[in-house]
There are 2 protein chains.
Amino acid sequence: MTDDRQDNGAEGGTNIDFYFDFLSSYGYMGSCKIDELAARFGRQVTWRPILLGITIFKVMGLKAPLETPLKGDYIHIDSPRMAKYLGVPYKHPAQQPNPLNSARAYYWLRQRDASLAKDLAKALLVRQWAQGIDISSAELVADEAAALGVERQETLAALQDPAVKQLLADAVDQAIAEGVFGSPFFVVDGERFWGVDRLPLVEHWLEHGSW
Amino acid sequence: MTDDRQDNGAEGGTNIDFYFDFLSSYGYMGSCKIDELAARFGRQVTWRPILLGITIFKVMGLKAPLETPLKGDYIHIDSPRMAKYLGVPYKHPAQQPNPLNSARAYYWLRQRDASLAKDLAKALLVRQWAQGIDISSAELVADEAAALGVERQETLAALQDPAVKQLLADAVDQAIAEGVFGSPFFVVDGERFWGVDRLPLVEHWLEHGSW
């Protein structure tokens, strides 16, 4: 964890950790807000994609929210109106994307250039959630990376590299160890916040540092 | 459902339905806010206690949140700070109460006097969540009702009455049929809102009637 912090941003321990799953509409909404909010308080944000449906819900013994009776139907209603309420461009998809290739590409690029990796994550989130284009395929992820100057074949090879797969697996394990269980999930000065609806509390914490 | 609406408030279809579980800290927080918010827009609120842990989570195939790995720990952190953020008096209990007697007493009294039933629910929620006094026992519920002028023995008898038990069971079945799955849960003009953190969206809807 220490190494992970050191290679990200100059602020060190004052960085905000932003966990999200590419398959999560609320995670996307969080991604549209957190950097600007952090900047207002002189903070930087470390983006940390996770895998809720594939990994973390298994640890919790839960079904994915969209597959949960009653809750699944509700999310289809709540996501579009929450996006409107937050003023975030949004296109509700017929089904959630598979986040695996996006998350792997992020951690792979991040070893090279944290800023470039964040740009790729933003581009993928916009494609999926603002434009309604499914980001599941390796080809689409490679196209988005290519638009940022990364060789297409290099990205496609990286997505199959066992070392890259392990990078993501380690990141998810670390998130679970930190008590992360949802998307978006923010950790600020050790305070944990789950949900885009907790951004007002994140702001309160950044302003006051107490409750 | 029609009968149920008719015996509550003069507003009929413009009433806000407020579903909550007496065991839910967030339900309590919602109870501190919803009547005042509704009144600002000329609305009345029908309170509808439900049983999440005992009934609704079974339909959803979920464990209760406090018994869910990772999420359980988080709620112990999030509840107290959310109460502070909302400006609501709060005492975090060592364990959640059993909501059965409180919910039965509510639906029993409501047949007689909807306003009295709401006063009892408020008193019980304050005892549990602002004063930290466990409201599980029939005796405590009867004491609270007695403070509102209801004969103690009458309440104790009602809590064992199969017809009263059925009133509550029917209310929970109706809530599930309406898609309710959490606490607090608000239904306004057919729009469903889950969570005390959705009160800003309830307010937006009451003000604009659109998204």
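Bear in mind the structure is a predicted one, so any value in this text is a computation, not a measurement.

*Asks:* Even after reading the chapter, I still don't get the relation of the copies chain A and chain B, so can you show me in this structure?
*Replies:* Between the two chain copies there is a screw-like relation: a rotation about an axis and a shift along it. Rotating chain A by 180° about the axis while translating it 0.0 Å along that axis superimposes it on chain B, leaving an RMSD of 0.0 Å. Here the symmetry operator amounts to a two-fold rotation axis.

*Asks:* Sorry, what's going on with the pattern of salt bridges here?
*Replies:* Where side chains of opposite charge bring their charged atoms close, a pairing between them can arise. Under the criterion given, the structure shown has 26 salt bridges over all chains. With a closest N to O distance of 3.2 Å, Glu-191 of chain B and Arg-81 of chain A form a salt bridge. Of this pair, Glu-191 of chain B sits in strand 4 (residues 191-194) while Arg-81 of chain A sits in helix 5 (residues 71-86), on two different chains. Pair check on accessibility: Glu-191 of chain B and Arg-81 of chain A agree, each one buried. Taken together, the shared-partner salt bridges connect Asp-78, Arg-81, Glu-191, Asp-197 and Arg-198 of chain A together with Asp-78, Arg-81, Glu-191, Asp-197 and Arg-198 of chain B into one network.

*Asks:* Any chance you could explain the interface of chain A and chain B here in plain terms?
*Replies:* Interfaces are often sized by the accessible area lost when the parts come together. On the chain B side, the residues contacting the 34 residues of chain A number 34 residues. Both faces considered, chain A and chain B share a buried interface measuring about 3,200 Å² in area, 65% of it formed by carbon and sulfur atoms. The largest contributions to the chain A side of the interface with chain B come from Leu-70, Tyr-74 and Arg-81 of chain A, which together make up 22% of the buried area. Here chain A and chain B share six salt bridges between them. The interface formed by chain A and chain B holds 10 residue pairs in polar contact (both at pLDDT 80 or more) in total. Of all the secondary-structure elements, those providing two or more residues to the side of chain A that touches chain B are helix 4 (52-60), helix 5, strand 4 (191-194) and helix 11 (199-208) of chain A. Broken down by element, the side of chain A that touches chain B gets its largest block of residues, nine residues, from helix 5 of chain A. Class assignment for the residues of the side of chain A that touches chain B results in 20 nonpolar, four polar and 10 charged.

*Asks:* Please explain the side chain of Thr-155 of chain B as it appears in this structure.
*Replies:* All names here are of chain B. With respect to the element layout, Thr-155 can be found in helix 8 (residues 152-159). Judged by its relative accessible area of 0%, Thr-155 is buried. Setting aside residues up to four positions removed in sequence, Thr-155 forms contacts with Trp-108, Ala-142, Ala-145 and Val-150.

*Asks:* What is the right way to read the sheet that holds strand 4 of chain B from this model?
*Replies:* Note: strands within a sheet are paired through backbone hydrogen bonds, in either parallel or antiparallel orientation. All names here are of chain B. Taken in spatial order, the four strands of this open sheet run 2-1-3-4, and their pairing is mixed. With partners counted over all chains shown, the strands left at the sheet margins are strand 2 (45-49) and strand 4, one partner each. Pairwise comparison of adjacent strand axes, ignoring direction, gives a mean angle of 20° for this sheet. Pairing geometry for strand 3 (residues 185-188) and strand 4, over four bridges, is antiparallel.

*Asks:* Sorry if this is basic, but what is going on with the packing of helix 2 (residues 25-40) of chain B against helix 10 (residues 199-208) of chain B here?
*Replies:* Packed helix pairs are characterised by how far apart their axes lie and by the angle those axes make with each other. All names here are of chain B. Their axes nearest at 10 Å, the elements helix 2 and helix 10 cross at an angle of 20°. In this view, helix 2 runs roughly parallel relative to helix 10, as classed from their interaxial angle. As for the relative orientation of helix 2 and helix 10, their crossing is right-handed in sense. Contacts from Lys-33, Ile-34, Leu-37 and Arg-40 of helix 2 reach helix 10 at Leu-199, Val-202, Glu-203 and Leu-206.

*Asks:* I tried to follow helix 10 of chain B on my own but got confused; where do I start?
*Replies:* Since there are 3.6 residues in each turn of an α-helix, residues three or four apart along the chain are aligned in direction. Buried within helix 10 of chain B we find Leu-199, Leu-201, Val-202, Trp-205 and Leu-206 of chain B. Projected onto a plane normal to the axis of helix 10 of chain B, the buried residues spread over an arc of 155° and lie on a single side.

*Asks:* Explanation requested: the packing of aromatic side chains in the structure shown.
*Replies:* In the structure shown here, the tally under the stated rule is 30 aromatic pairs over all chains. Each ring, one from Phe-181 of chain B and one from Phe-185 of chain B, has its centre 5.3 Å from the other, and the planes form 70°; the classification is edge-to-face. Overall, Phe-185 of chain B belongs to the buried group, its relative accessible area being 0%. Each member of the aromatic cluster is reached from another via a ring pair, and the members are Phe-18, Phe-20, Phe-22, Trp-47 and Phe-186 of chain A.

Cut-offs applied
- Residues numbered from 1 in each chain as written.
- Chains lettered and ligands numbered in written order.
- Predicted model: local features only at pLDDT ≥ 70, side-chain atom pairs only at ≥ 80, totals over all residues.
- Heavy atoms only, no water.
- Least-squares fit on C-alpha atoms with pLDDT ≥ 70 in both.
- Salt bridge = Lys/Arg side-chain N within 4 Å of Asp/Glu carboxyl O.
- Helix = DSSP H or I, 4+ residues; strand = E, 2+ residues; numbered from the N terminus.
- Buried < 20%, exposed > 50% of the residue type's maximum accessible area, 1.4 Å probe, protein only.
- Contact = heavy atoms within 4.5 Å.
- Buried area = accessible area lost by both parts, 1.4 Å probe.
- Polar contact = N/O pair within 3.5 Å; in protein donor to acceptor, adjacent residues only side chain to side chain.
- Nonpolar A, V, L, I, M, F, W, Y, C, P; charged D, E, K, R; others polar.
- Pairing = 2+ DSSP bridges.
- Axes fitted to C-alpha atoms, helices over the stretch in contact; angles between N-to-C directions.
- Parallel < 35°, antiparallel > 145°, perpendicular 65-115°, else oblique.
- Left-handed = near helix turned anticlockwise from the far one by under 90°.
- Arc of directions from axis to C-beta.
- Phe/Tyr/Trp six-rings, centres within 6.5 Å; stacked < 30°, edge-to-face > 60°.

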